[in-house]
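Descriptive structure summary
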Amino acid sequence: MRQLILDVDTGVDDALALMLAARHPGWNLRAVTCVAGNTSLEGVVRNTLTVLEAVGATSVPVAAGAARPLLEEPRDAGHVHGGDGLADLGWVPSARKPEAIHAVELLRREILASPEPVVLVPLAPMTNIALLLRTYPEVAANIGQIVFMGGSAAVGNASPVAEFNVWHDPEAAQIVISSGLPITMYGLDVFYSVAIEAPDIELLRESDDAGCRLSGHLLTHLAKVNADDFRLTSPGSAGIGDAGAVCAVIDPEGLVTHRHRVEVSLSNPLTRGQTVVDRRTKASEATLAHGYLSRDSIDVALGVDGRRYASLFLDTIRSHDGK
């Protein structure tokens, strides 16, 4: 099986991504690392362990990492994910404890121990990943690809131009994006285009399988939170959000990407956290003067087959359903 590691700030849609990664038969979820973002680090760890238990993935090691960004103060997204980060469902938390090592150490251990290059999927502010690459640069040799959920070539959500994960820790994002590793940016340009329809959500909620039921309740929450979003396919539907990035790893043919140079805005308060995607085909005076053309390009997702990924998500989540 292919080797996969997720870095999360669980989070309703991170939870959906965790369930998809844990249940897909073609991938080995080697580890999950946690970082503050959608909720506090303590809440992220609790939610991650709870979700993995719901899908029977209790052997996947989990570790806590950075409790705040490199420079900024921590800022959560409770207005989207609920006070506990898991839609305030009151789901019984797991009794399991995380690994007694820092997330960066777990990442190093699992990447270096992997029999083949790991696909690393950050679905959160990339503080842990930046710390890993700076502390243990030798791991880069066994990272086959980084597919991160973050950024935008168009509008933002945390600000008019910045997406939440990059906005939360723009310095960390810049370190990762400029690392020279093979990188795909799964940003807001495709984020909202993979949705589950209301009848399928209801079937998940009624399932005898705990993982299906949890995913159904989480999708119901997202359908209510985003009820006025014009990008949703129909009333009562819900986007799978971060789980789409895991779909892109499993089935890259469903994603349309273009290679562009990407820079994170760090200094201007108005644009801080913006991923500046250079979609031009010719150099300009400004890029030549600042040496920007020496930067490596990354793959930027600009189109997605939403129905294909929605089917992939449902088929995988339901794979343990007894019905």
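Residues numbered from 1 in each chain as written. Predicted model: local features only at pLDDT ≥ 70, side-chain atom pairs only at ≥ 80, totals over all residues. Heavy atoms only, no water.

**Re the overall build of the protein**
Along its length, the protein carries 13 helices and eleven strands. Whereas a compact globule of 323 residues would reach a radius of gyration of roughly 20 Å, the protein reaches 18 Å, a difference of no more than 12%. For the protein, with 323 residues in total, the buried portion stands at 57%. The long-range fraction of contacts in the protein, counting pairs at least 24 apart against all pairs at least 6 apart in sequence, stands at 82%. By element, 52% of the accessible surface of the protein is carried by carbon and sulfur atoms, the whole surface being about 13200 Å². Looking at charge distribution, the protein has the averaged site of its 26 positive side-chain charges lying 3 Å from that of its 39 negative ones. (Helix = DSSP H or I, 4+ residues; strand = E, 2+ residues; numbered from the N terminus. Rg over C-alpha atoms; globule rule 2.2 N^0.38 Å. Buried < 20%, exposed > 50% of the residue type's maximum accessible area, 1.4 Å probe, protein only. Contact = heavy atoms within 4.5 Å. Areas by Shrake-Rupley, 256 points an atom, 1.4 Å probe, with all protein chains shown as cover. Lys, Arg positive; Asp, Glu negative; His and termini not counted. Charge placed at Lys NZ, Arg CZ, Asp CG, Glu CD.)

**Points about the nonpolar core**
Formed by 66 residues in total, the largest nonpolar core has its most connected members in Leu6 and Phe313. Among the elements that take part in this core, helix α1 (residues 12-23) stands out by supplying eight residues, more than any other. Ala63, Ile175, Ile177 and Met185 belong to the second largest nonpolar core, which has 34 residues in total. (Core = buried A, V, L, I, M, F, W, Y, C linked by side-chain atoms within 4.5 Å.)

**Some points on the packing of α1 against helix α2 (residues 41-54)**
Geometry of a packed helix pair, given as the angle between the helix axes and the separation of the axes. Between α1 and α2, the shortest axis-to-axis distance is 9 Å and the interhelical angle comes to 40°. Taken together, the axis directions place α1 and α2 in an arrangement best described as oblique. In the crossing of α1 with α2, the sense of the turn from one axis to the other is right-handed. Note on element contacts: α2 touches α1 through Thr48, Val51, Leu52 and Ala54, opposite Ala15, Leu18, Met19, Ala22 and Arg23. (Axes fitted to C-alpha atoms, helices over the stretch in contact; angles between N-to-C directions. Parallel < 35°, antiparallel > 145°, perpendicular 65-115°, else oblique. Left-handed = near helix turned anticlockwise from the far one by under 90°.)

**Details of the packing of helix α9 (residues 198-205) against helix α10 (residues 210-225)**
Relative orientation of the contacting elements α9 and α10 amounts to 140°, with a least axis distance of 7 Å. As the angle between them shows, α9 and α10 are arranged oblique. Handedness of the α9/α10 crossing: left-handed. Every residue of α10 that contacts α9 at Ile201, Leu204 and Arg205 is listed here: Cys212, Arg213, Ser215, Gly216, His217, Leu219 and Thr220. Its residues assigned to classes, the contact of α9 with α10 shows four nonpolar, four polar and two charged. (Nonpolar A, V, L, I, M, F, W, Y, C, P; charged D, E, K, R; others polar.)

**A word on the pairing of strand β1 (residues 2-8)**
Counting buried residues in β1 gives six out of seven residues, a clear majority hidden from the surface. With seven bridges connecting them, β1 and strand β2 (residues 27-34) associate as parallel partners. Bridging across to β2, Val8 finds its partner in Cys34. Relative to strand β4 (residues 118-122), β1 is paired through four bridges, and the arrangement is parallel. In the sheet register, Asp7 faces β4, and the bridge partner there is Pro122. (Pairing = 2+ DSSP bridges.)

**Examining the environment of Asp84**
Tracing the sequence through the fold places Asp84 in the loop between α3 (78-81) and α4 (103-113). With relative accessibility at 23%, the residue Asp84 sits in the partly exposed group. Setting aside anything within four residues of it in sequence, one finds Asp84 in contact with Thr39, Arg46, Asn47 and Leu89. Polar contacts involving the side chain of Asp84 include one to the main-chain amide nitrogen of Leu86, which spans 2.8 Å. Within polar-contact distance, the side chain of Asp84 engages the backbone nitrogen of Ala87 at 3.5 Å. (Polar contact = N/O pair within 3.5 Å; in protein donor to acceptor, adjacent residues only side chain to side chain.)

**As for the packing of aromatic side chains**
For any pair of aromatic rings, geometry is given as the distance between the ring centres together with the angle between the planes. Taken as a whole, this structure holds two aromatic pairs when the rule is applied. Aromatic side chains Phe164 and Trp167 sit 5.9 Å apart centroid to centroid with 40° between the ring planes, which places their arrangement in the tilted category. Note that Phe164 and Trp167 are positioned in helix α6 (residues 164-168) at a spacing of three residues, about one turn of the helix. You can call Trp167 partly exposed: its relative accessible area is 21%. Ring geometry for Phe191 against Tyr192: centres 5.1 Å apart, planes inclined by 85°, an arrangement best described as edge-to-face. Taken individually, Phe191 and Tyr192 each receive the classification buried, so the pair is uniform in this respect. Taking NZ or CZ as reference, Arg75 lies 3.7 Å from the ring centre of Trp167, over its face. Cation over ring: Arg108 sits above Tyr136, and NZ or CZ is 4.8 Å from the ring centre. (Phe/Tyr/Trp six-rings, centres within 6.5 Å; stacked < 30°, edge-to-face > 60°. Lys NZ or Arg CZ within 6 Å of the ring centre and 35° of its normal.)

**Observations regarding the sheet that holds β2**
Within the open sheet, the nine strands sit side by side as β3-β2-β1-β4-β5-β6-β11-β9-β10. Their pairing is mixed. Looking at strand neighbours, the two that pair on one side only are β3 (62-64) and β10 (275-278), the edges of this open sheet. On average, each strand axis in the sheet is inclined to that of its neighbour by 30°, with strand direction left out of account. Strand direction decides the pairing type here: strand β9 (residues 255-264) and strand β11 (residues 298-304), joined by six bridges, are antiparallel. Looking at the pairing, Leu255 lines up with Val304 of β11.

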